Amino acid sequence: MVYYKVAVSALLALSVSNAWQPSKQISASTKTTAFLGGALQQHASATSSSLSMVVTDPITSSPMGGGFTASNAESRRVVPENPRNRPVMKVVYVVLESQYQSSMTAAVKRINVGNDDMAVECVGYLLEELRNDDAFAQFKQDVAEANVFIGSLIFVQELAEKVVEVVQPARDNLDAVLVFPSMPEVMRLNKVGSFTMKNLGQSKSVISDFMKKKKQEDGSSFEEGMLKLLRTLPKVLKFLPSDKAADARTFMMSFQYWLGGSPENLESLLTMVGQDYIAPIKANMVGKTKKIAAEPVLLPDKAIWHPVAPSIVFETNEQYFKWYNSEFCPDAGIDPKTAPTIGIILQKSHINTKDDTHYVSLISELESRGSRVVAIYSGGLDFSGPIEDYFYDASGKPIVDTVINLTGFALVGGPASQDHKKAAKVLKKLNRPYMCAVPLVFQSFEEWQSSELGLHPIQVALQVSLPEIDGAIEPIIYAGREGATGRSVPLADRVNLLADRSLKWANLRNKPNQDKKIAITIFSFPPDKGNVGTAAYLDVFDSIKAVLKQLKTEGYEIGDAPMEKEAIMEAVLNDPEARISSPELNVAYRMSTDEYYELTPYATDLEENWGKAPGNLNSDGQNLVVYGKQFGNVFIGVQPSFGYEGDPMRLLFAKSASPHHGFAAYYTYLEKIFKADAVLHFGTHGSLEFMPGKQVGMSGTCYPDRLINSLPSAYLYAANNPSEATIAKRRSYSATVSYLTPPAENAGLYKGLKELKELISSYQGLRENEGRGAAIVNSIVSTSYTCNLDKDVDLPAVETYDAINDTIERRDEIVGAIYAQIMQIESRLLPCGLHTVGVPPTAEEAIATLVNIAQLDRPEDGIESLPRVIAASIGREINEIYRGNNQGVLEDVELNTKITEAARAAVRALVQQSTGPDGRVKEVKSFADELGGMFSKMMGSKKPWTNAIIAAGFPSVSEERLEPLIKYLEFCLRQVVANNELGGIMELLNGEFLMPAPGGDPIRNPEVLPTGRNMHALDPSSIPTAAAVQVSEDVVRKLLEKLKSEGGDYPESIAFTLWGTDNIKTYGESLAQVLALVGVRPVADSLGRVNKVELIPLEELGRPRVDVVVSCSGVFRDLFINQMNLMDRGIKMAAEADEPIDQNFVRKHALEQAEELGISLRDAACRVFSNSAGSYSANVGLAIENGGWEDETQLQDQFLTRKGFAFNADKPGMMEQQADLFKAALKRVDVTFQNLDSSEISITDVSHYYDSDPTKVVQSLRDDKKKPMSLMADTTTANAQVRTLAETVRLDARTKLLNPKFYEGMLSTGYEGVREIQKRLRNTMGWSATAGEVDNFVFEDANDTFINDPEMQKRLLDTNPNAFRDMVTTFLEANGRGYWDTSEENIERLQELYAEVEDRIEGV
């Protein structure tokens, strides 16, 4: 087959000569196709000089100043060189992507050379270029001079508005406007003679009716509807005589030509429109014969394409594989019988326009590795049909082993409207790994490489976030556009990586289980403290036991792996009391420095931060040491730490350091020495995904990419943490498997708090007994002081108060306030114990979860909360009862308690119907709809849950009103008890498609359940939702009311902290709070995406605009950079509003800062800050957890240095260090504020909350050195509240650290449990360090509980001596730093105990 070799050589030469190579080559990128030899390399080197891009230094040369979209429309301007007295038609076009550039340019040049009747001037704009002021001004001028405007795929709201702003006023003067699938407001600009779409989406029209009908019939997107319409309409319209039909036909023909995309098709489009609609050309044509427009040359709507096939495309599998297997594969050295097959999804427009070099490059790389390829496309943006048609053989068996979507878009619907459920269903049926690689659209390669942020935010939203909801993994950048021509260019090292990784996933499918090597990676954080096997709420070693058992069942070779948790721990640690820096951990491998440098291509790059290998981390002084234990083909390894936890200087760096040599050696070992087929990262979370590099869209120099390289990664991640799971997906190419967090139960009461409740119960029966009632009140007040409730409730002085002298009403007020406080503690939700992978909740645990689910109204589903229905049965509104409860109204506190108990009884009755004798729910029996319900109604009998509510004291509850909720709770119960965690792990290790699922709070969104699925975040452009805005307005009202009640005035500035996970769980509540304080309103576009804001008039707002300083977590920055843009635009809008400064504190402060810093008002109004790209946290938590800090000044400097990078919507491609601006904004802050949105993670569970708390930072910066008030919003229940930080710390300590229900639950899990208790103590001290809001009694009571009780002390020491030593250290440190004032006796005991524990650990 000589033609094949010649053709493929030419194509591959074209591919390589157009492939952009990074300046620092890694070895993988030098691969070439084996059978082409060295000639190809010579060709590549000969042409490499032509590869320099137009933009050389995007950070400085970009007209936007942000490193994004520095291209110029002038490269797309074509002016006739010699008009020859022909009338000239000017065409202006705007497109999302650049693939039409070369075809349009060629079409125009063909007309200008070969058409005697007309000439064309043409200029094109990429949509994103319109953000630039100069480009936008030029666009406006071009449109004003144009005859024809063409637009396509204009789906970005703010840019769609810019297009409308320019084209709408010019529309009457334009001879034709052709807009192909775009936002409705842009589509309404269409004008071809008498044909318009001005009523599109607003009133009845033939086209809109057709679209709606098609959507109802088969879920078609707008573009799919258009395609189906144009297949039928032209055939009918061409026989109709009316001008209207002719104009409609012209539009539909134009659309067909546009979809055809080739220079010939576009030439026909321009010729047809010019002859029929441009007046000077029509006049010039009088007496001449019109050129007859050729029929559109169209490829089939769907087909298989191969770059060297004898026919352009194949419309059936049989045709393709007949040619491919019998002719192509033998010639290419591919064995069709044994070769893996990679399915590839392509964008048809690139094939139409012959802009396919990036496709050719990947196909050639895959085939050079011995793989078969089947590449398919679709005429629209629904690829489900072609998958069904081409990825199965005649018997219905899948042909492919891995699927790569090269379009970057969602599988069904593209950028406009998606059908994720349909996509996931199609992909699960195929059941193959599904990768969605991303071509750069708005950046050249050099812009992308120079950008610390990486991929353009619009592309992240459209081409990373949306495919993830389909179940896609691994958003690898593989191609982009060449600056001058707009043509697609492959990026060689990325294409190699994509080919390698896709074949590794295929290998998991094809390799026998007994031969597969699996590396289970566990974490140890903080290091050096007996913390091996850390993961949020996960019993790691018990879970590893479950995974090993499952692996063995499925035929994996696990050698002599023990089947007991303690034995596994012993094998890995060699001593459960091990320290990671000592030889007590089991050493699996010693890697010499020579071997390390040979196998780790980037090793020398690490020397800048860590010196030469081996260094002193994961090292024995001569070799690099890999800790872990191998059992057959399974290796359990301990991932090294970041390495700089205890180093004050490194913690202060604004940008995070590279991984150390030991970290790099660990992943080198997994891939190149152990030769793992896959790695299973075990629990939330490790350090890999947080290593330095771009935010999204890794390059070959980003450390997560370098470390994981070609290893498939499955990652067990807590279902309630979708934000960090998403970072793992995007930065370390991990497919996540969600696991359940322990069900939340009521915290309950203990010791004095329990006694208080009993006293209050006695008072309720004796309140009118003058003697006994008063005596009980005196006891209540005295016991409240003993329990330190005087910090939370305004109590009378215990020494002088006697209730006998008080009125009953006043006694009720006192008792009601105390009752409300202890009920807050008792009803606080508390996750108990640790979860073991694969173990579903018990019936009791399911009840706890369902009670919490039932307490929330779900108006979007027409579901009322259980408390609301119960309250309505006695004529009360539940929100009124909550208000009375919060204010301490005794009657309402009692009623709220009674309603809560009735709700719990009802849920228990529901669950008991399905509970087996073993206390677990196997199968959920539905009683809501069954036939028996009809008979029970006829017989007048009630359902069990109704009877439970009646028995609890609410005889009038409406069974009919309960019905929607009960049906919903039955659905939720099925979700809660279902479990696919072990199944999900095995699906990934067996090379299958793992179904996607949202992550978040299962209480707010039960769709999070069941676990064991591939977790995703949400469409970032969907938040804040209308419901979130409504809740946020309520929280802001309560916040301002609390501040007014405390100080009398509105605050001028509030410092906010925004978290990624919290905003996913709440659909943007805290984001909406920021906007509400400033007085701006988020506005959704016609597709429901939130892309703009509008200023709320002061008259409507009814209060001053409050200034904000927003500190975004690094994860929020990565996931929601478009929302940072939204906030920045809204805040600047407020700053620029011409309003009195006593009513607009944003403007007041921005004016002051502009003068102070000598900058513009707009720059002075920057209020949205975060870490530099690729860095996370203020490192305050790291310093406190590891003792690596000298004083509070160091912590404050870390916060200011690491969090002082400003986001500026005017420079969207960069996070710019703006320390002076950050300090100037913070020094004006009156209040610091955070949100708690979930019962699962509270302020002492993790270090994140205090890590980003700026309370003492603000105090140090304020001129008056006054500490700002610290507040927290608690929306963990339907009864949202705003508390002071001190109140929240006390509540958290009482419900967790000091609560026997919590610490006994933790201790029941053994080794891990001691660590969990110590973690809360250490995090409590963190709040002392950053905010000074921890009461002395918290440390004192904790010391009494864990240290002064000899029995407890012994349990902790025996179970995990390292964690206990850390606990003793924390107490001593809290005292030494002045956070805890205690007796000398306590300190001496702690010092003696520390020495005793040290001796125990050292074996003395």
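Before any of the text, the structure's been laid out above.
Residues numbered from 1 in each chain as written. Predicted model: local features only at pLDDT ≥ 70, side-chain atom pairs only at ≥ 80, totals over all residues. Heavy atoms only, no water.

Caption draft 1: Representation of unusual backbone geometry in the model. Backbone torsion omega between A613 and P614 reads 10 degrees, so that peptide bond is classified as cis. Going from L1009 to P1010, the amide bond is cis rather than trans, its omega being -5 degrees. When you line up the elements, P1010 lands in the loop between β25 (996-998) and β26 (1014-1016). In this model, N618 sits at a positive phi of 50 degrees, which is unusual for a non-glycine residue. Positionally, N618 belongs in the loop between α24 (607-610) and β18 (623-631). (Helix = DSSP H or I, 4+ residues; strand = E, 2+ residues; numbered from the N terminus.)

Caption draft 2: Quick peek at the packing of helix α4 (residues 100-114) against helix α11 (residues 263-277). One way to put it is that α4 packs onto α11 with a least axis distance of 8 Å and a crossing angle of 60 degrees. Relative to α11, the element α4 lies oblique. Pair α4 / α11 crosses with right-handed handedness. From α4, Y100, S103, M104, A106, A107, V108, R110 and I111 reach across to α11, where they touch P263, E264, L266, E267, L270 and T271. Of the residues that constitute the contact of α4 with α11, the class distribution is 9 nonpolar, 2 polar and 3 charged. (Axes fitted to C-alpha atoms, helices over the stretch in contact; angles between N-to-C directions. Parallel < 35°, antiparallel > 145°, perpendicular 65-115°, else oblique. Left-handed = near helix turned anticlockwise from the far one by under 90°. Contact = heavy atoms within 4.5 Å. Nonpolar A, V, L, I, M, F, W, Y, C, P; charged D, E, K, R; others polar.)

Caption draft 3: Spotlight on the sheet that holds strand β30 (residues 1107-1112). The 8 strands are arranged β33-β32-β31-β30-β27-β34-β35-β36 in an open sheet whose pairing can be described as mixed. Either end of the sheet is taken by a strand with one partner, and the two such strands are β33 (1215-1217) and β36 (1281-1284). Within this sheet the neighbouring strands show an average axis-to-axis angle of 30 degrees, counted without direction. The pairing of strand β34 (residues 1231-1236) with strand β35 (residues 1269-1274) spans 6 bridges and is classified as parallel. The residue bridging N1235 from the neighbouring strand is A1273, located in β35. Together, β27 (1053-1058), β30, β31 (1168-1170), β32 (1205-1207) and β33 form the strand contacts of helix α45 (residues 1121-1135), whose direction differs from that of β31 by roughly 145 degrees. Against the sheet, helix α53 (residues 1285-1295) contacts β34, β35 and β36, and its axis sits at roughly 95 degrees relative to β36. (Pairing = 2+ DSSP bridges.)

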